[in-house]
Amino acid sequence: MKATTSFSVFVALACLALPASAAVSVFACEPEWAALAQELGGDRVTVYAATTALQDVHHIEARPSLIARMRSADLVVCTGAELEAGWLPLLLTQSGNARVRPGSDGYFEASQFVVKLEIPKLLDRSQGDVHPGGNPHIHTDARNVARVAEALSARLAKIDAANAQVYASRSGAFLARWRAALARWEHEAQPLKGARIIVYHRDWSYLINWLGLVEAGSLEPKPGLPPTPGHLAELLGLMQREPARVIIYSAYNDPRAAAFLSERSKIAAAMLPYTVGGSDRAKDLFGLFDDTIARLLAGAK
Amino acid sequence: MFQSSNFARSMAIAAGFAVFQSAHAATDDDLKDLREQVKQLREQYERRIDALEKRLQQAEQSAGKAEAVATKAEFAAQEVALQAGSRPVSEGAMNPGISLIMNGTYGNLSRDPATYRINGFAPSGGEVAPIGRGLSLGESELVLAANVDPNFRGTLIAKLGADDTVGIEEGFIQTLGLSNGLTARAGRFLAGVGYLNEIHPHAWDFADAPLASKVFLGNQLGEDGVQVKWVAPTDLYFDAGMELGRGRKFPAGPDNGRNKNGIGSANVFAHLGGDIGTDTAWQVGLSHLRTQPRDRTYQDADAAGINVTNSFSGSSRLWVLSGVLKWAPQGNSTINNLKLQGEYFSRDEGGDLVYDSGGASRGAQSGAYSSKQSGWYGQAVYQFAPQWRAGYRYDRLNAGSSSIGLVSGGARLAADFPVLERYSPTRNTWMIDWSGSEFSRWRLQFAQDKSRAGAPDNQVALQYIMSLGAHGVHKF
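Residues numbered from 1 in each chain as written. Chains lettered and ligands numbered in written order. Predicted model: local features only at pLDDT ≥ 70, side-chain atom pairs only at ≥ 80, totals over all residues.

1. Here's the deal with the overall build of chain B
Argument step 1. Scanning chain B from terminus to terminus reveals 5 helices and 18 strands.
Argument step 2. Residue pairs in contact within chain B that sit at least 24 positions apart in sequence constitute 62% of those at least 6 positions apart. (Helix = DSSP H or I, 4+ residues; strand = E, 2+ residues; numbered from the N terminus. Contact = placed C-beta atoms within 7 Å.)

Written out as structure tokens, the structure reads:
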């Protein structure tokens, strides 16, 4: 009898202790989704970011540490659209974690909740490393972050129903702040409307579409191929005929090609953080867009 | 809006009607009850429809306020569905992912590759010879893979030899649905012995296998069997696993496995891995392979220069310790990166060795045989500029100790077993490669190969490796 009592006490205590330790473990493929999951989940989630802003997410090694983290994840949040095609499938099969299998609630692909741009009409690798599902760099349009936030919040509520209220209120608060910030960013970016820009890789298409910029060319001759002297010379010719306002590249890109073109064409080059952690100011999603727009404005002066 | 609420109302009425029809034989009381129920139903529906209409209006109002932001995930999902729907769907939509690996070589070798042997070690019978002289087509690989159902994934890798042969390199099913870090596979797969053995040749950093892989694993060991692996729930990566196989290849024997029930080979392995900061990732592994070869044959020439077939029966135990370290500034491998890799092999064999089992020279004679041999390689590959890598590999085999009963007993001369004569081969290999994209690679390799006792071979190889089709995934 005594044993039973102490056992029930133990169970009761264990149940009380559980919520504190049973935070939803989120494995985010990219820093932007890690930041978003943290905004939406607060202390109800523990978030692991598999990559940093200084890494090219197309080329990540399926490292043992990533398999180990995915092994114990409750929710995997990735971009999808073949962005992680070279490493994510291996993590999923090697980690032996059925909770995060594609198609289950524990697997979340952000790109499924937005309208994708640049779905290739011609699927042929002679066009470079094309993504059949469309351009995967969706988060550079801040409106997409809001769309993904809604879906991600609903997903968190689904896999952790006990905290559904928390997720709903956090998401409401986040979206309210985000809408206010959106209006501010769009207002600040007014002078950029119609500005011609040169990009390094086509990871800015959503930003271009959002702020009404015009892509005048890319430093990469084809998506995924590093800049070549011949291609840069061609771009330089184009810039002399029809100059762009600014050359942009991401924190993870080799800055040399942009510097080369900037020096010869006298067009400013601007490093953009691309994602959370890409610059000192880009500490969270708000800082990311604050800094991105500030740098664009400074560069396009 | 009106249309939808009217529609809902008529649906409710129609539902009520259906209830009436099925109840035509009922009593008046029953009918009254039913009428009451239908009335209630109708009221319920009307209330719910009204509530829905109100909510919709509210949603529209708030959506109007936030016109700049269309945050309705549903709308987005609908648009996405539209995008997906516009894609033509054909029978091919469910075809497995297909990819094709093509490779070709040009070889310039100072010695005839047909005479290739690795002295000091019993020939493994695998495809160990260096690449051919002149221009040749290498082995092409055809990969077909898809999920079978929610529980399994299937992969078939056919190798299409330049000599018009077709073989199955791998053909296995693996689990998708197991939890708690468990995965299992069955079929033919590259055995988890050491590090490089599990990696497909097209992803190797050199055009050929290390000498140790050649003498201990017959170049590359693909086993028919089952594998179970468990990944520990810790932040530091740890896995442990076991493979039970048919013993279809060296070091088991005979070729294609024994004609017997049960298990022909057993392998256990474990790996430990992690990161050091953001720049460095590492993994170490240990594996142990045990087989019981029966009549594992190899060709040699005896003291009289006559070609004989010798055969070994007994037990073979192989330990492999491996380590890999990858470094890139900030973990961004696109500009510069370094990969260090090394493996140490140690093998114990004991049993009987039959000289001239085919009776080509002096007739079959049998005696005890035991050996303890080892070998290792270490290599470094550095990407010094985007698309460009250079690498160096050092190979060394230690003949170790071996005793041949027929020789120590005086029945045969040591010269009757020339390939087993004590010798420790070494090789130096340098390579440089250029990858136009992640799907193509050109490689120039130079090797100074001292596998043959007293006859160094200078080997130059130019190689291309291209992959077409579905995007490949590569192990760490």
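What follows picks up the thread again.
2. Quick notes on the pairing of strand β12 (residues 307-327) of chain B
For a regular strand, the rule is simple: side chains alternate between the two faces of the sheet.
Residue and element names in this part refer to chain B.
Argument step 1. Across 12 bridges, the pairing between strand β10 (residues 280-291) and β12 is antiparallel. Looking at β12, one finds that Thr280 is bridged to Trp327.
Argument step 2. With 6 bridges joining them, strand β11 (residues 296-301) and β12 adopt antiparallel strand pairing. Residue pairing in the sheet places Ala301 in a bridge with Asn307 of β12. (Pairing = 2+ DSSP bridges.)

3. Quick word on the interface of chain A and chain B
Accessible area lost upon the coming together of the parts serves often as the stated size of an interface.
Argument step 1. In this assembly, 51 residues from chain A lie in contact with 49 residues from chain B.
Argument step 2. Only α3 (64-71), α4 (88-94), α5 (142-159) and α6 (164-188) of chain A provide two or more residues apiece to the side of chain A that touches chain B.
Argument step 3. Tallying contributions element by element places α3 of chain A first for the side of chain A that touches chain B, with 6 residues.
Argument step 4. Here the side of chain A that touches chain B is composed, by residue class, of 22 nonpolar, 13 polar and 16 charged. (Nonpolar A, V, L, I, M, F, W, Y, C, P; charged D, E, K, R; others polar.)

4. Observations concerning the nonpolar core
Argument step 1. With 97 residues, the main nonpolar core has Ala28, Leu36, Ala37, Val77 and Ile248 of chain A as its most contacted residues.
Argument step 2. Here the element with the most residues in this core is α5 of chain A; it accounts for 7 residues.
Argument step 3. Lining this core are residues from two domains, each supplying at least three of them: domain 1 (16-184) and domain 2 (189-299) of chain A.
Argument step 4. With residues near it in sequence (within four places) discarded, Val77 of chain A still touches Val26, Ala28, Cys29, Trp33, Ala37, Phe108, Ala110 and Leu152 of chain A.
Argument step 5. If you look at the next biggest cluster of nonpolar residues, it comprises 29 residues, including Ala212, Val215, Leu217 and Val320 of chain B. (Core = buried A, V, L, I, M, F, W, Y, C linked by C-beta atoms within 7 Å. Buried ≥ 20, exposed ≤ 12 C-beta atoms within 10 Å, placed from the backbone. Domains from an automatic or database assignment.)

5. Observations regarding the sheet that holds strand β5 (residues 196-199) of chain A
Residue and element names in this part refer to chain A.
Argument step 1. One open sheet holds the 4 strands; their spatial order is β6-β5-β7-β8, and the pairing between them is parallel. Each having just a single partner strand, β6 (214-218) and β8 (269-272) make up the two edges of the open sheet. For this sheet, the mean angle separating the axes of adjacent strands, direction not counted, is 35 degrees.
Argument step 2. Bridging between β5 and strand β7 (residues 246-250) involves 3 bridges; their strand directions are parallel. Considered in β7, the bridge of Val199 is made with Ile248.
Argument step 3. Contacts from helix α10 (residues 285-299) reach β7 and β8, with the element oriented near 175 degrees to β8. (Axes fitted to C-alpha atoms, helices over the stretch in contact; angles between N-to-C directions.)

6. So, the environment of Gly350 of chain B
Residue and element names in this part refer to chain B.
Argument step 1. Mapped onto the elements of the fold, Gly350 is located in strand β13 (residues 337-355).
Argument step 2. Its 15 C-beta neighbours within 10 Å are what place Gly350 among the partly exposed residues.
Argument step 3. Residues Gly350 and Ser371 lie 21 residues apart in sequence; the distance between their C-alpha atoms is 6.5 Å.

7. Quick look at the domain arrangement of chain A
Residues and elements named next belong to chain A.
Argument step 1. Each assigned domain of chain A is listed here: domain 1 (16-184) and domain 2 (189-299).
Argument step 2. Computed over C-alpha atoms only, the centres of domain 1 and domain 2 are separated by 25 Å.
Argument step 3. Each partner contributes to the interface: domain 1 provides 29 residues, whereas domain 2 provides 24 residues.
Argument step 4. Listing elements by their share of the side of domain 1 that touches domain 2, those giving two or more residues are α2 (31-41) and α5.
Argument step 5. Counting residues per element, the side of domain 1 that touches domain 2 draws most heavily on α2, at 5 residues.
Argument step 6. For the side of domain 1 that touches domain 2, a count of residues per class yields 11 nonpolar, 10 polar and 8 charged.

8. So, α3 of chain A
Argument step 1. Counting buried positions along α3 of chain A yields 8 of 8 residues, so the element is predominantly enclosed.
Argument step 2. Among all positions of α3 of chain A, only Pro64, Ser65, Leu66, Ile67, Ala68, Arg69, Met70 and Arg71 of chain A are buried.

9. Comments concerning unusual backbone geometry
Argument step 1. Following Phe250 of chain B, the chain continues into Pro251 of chain B via a peptide bond in cis, with omega recorded as 10 degrees.
Argument step 2. In this fold, Pro251 of chain B is placed in the loop between β8 (237-245) and β9 (265-276).
Argument step 3. Following Gly253 of chain B, the chain continues to Pro254 of chain B via a peptide bond in cis, the omega torsion being 0 degrees.
Argument step 4. Inspection of the secondary structure puts Pro254 of chain B in the loop between β8 and β9.
Argument step 5. The phi angle at Glu82 of chain A is positive, at roughly 65 degrees, despite the residue not being glycine.
Argument step 6. Of note, Glu82 of chain A is situated in the loop between β3 (75-78) and α4.
Argument step 7. Of note in the backbone geometry, Lys266 of chain A takes a positive phi value of approximately 60 degrees without being a glycine.
Argument step 8. By the secondary structure assignment, Lys266 of chain A is in the loop between α9 (256-265) and β8.

10. Thoughts on the environment of His58 of chain A
Residues and elements named next belong to chain A.
Argument step 1. Secondary-structure assignment places His58 in the loop between β2 (45-49) and α3.
Argument step 2. Each C-alpha atom, one on His58 and one on Arg143, is 23 Å from the other, the two residues being 85 residues apart in sequence.
Argument step 3. Ignoring any residue separated from it by four or fewer positions in sequence, one finds His58 in contact with Leu83, Gly86 and Gly224.

11. Some words on the packing of α5 of chain A against α6 of chain A
Residue and element names in this part refer to chain A.
Argument step 1. At their nearest, the axes of α5 and α6 sit 9 Å apart, and the two run at 180 degrees to each other. Taken together, the axes of α5 and α6 lie roughly antiparallel to each other. Residues Ala142, Arg143, Val145, Ala146, Ala149, Glu150, Ser153, Leu156 and Ala157 of α5 form the contact with α6, whose participating residues are Ala164, Tyr167, Ala168, Ser171, Phe174, Leu175, Trp178, Leu182 and Trp185.
Argument step 2. Here the residues of the contact of α5 with α6 sort into 14 nonpolar, 2 polar and 2 charged. (Parallel < 35°, antiparallel > 145°, perpendicular 65-115°, else oblique.)

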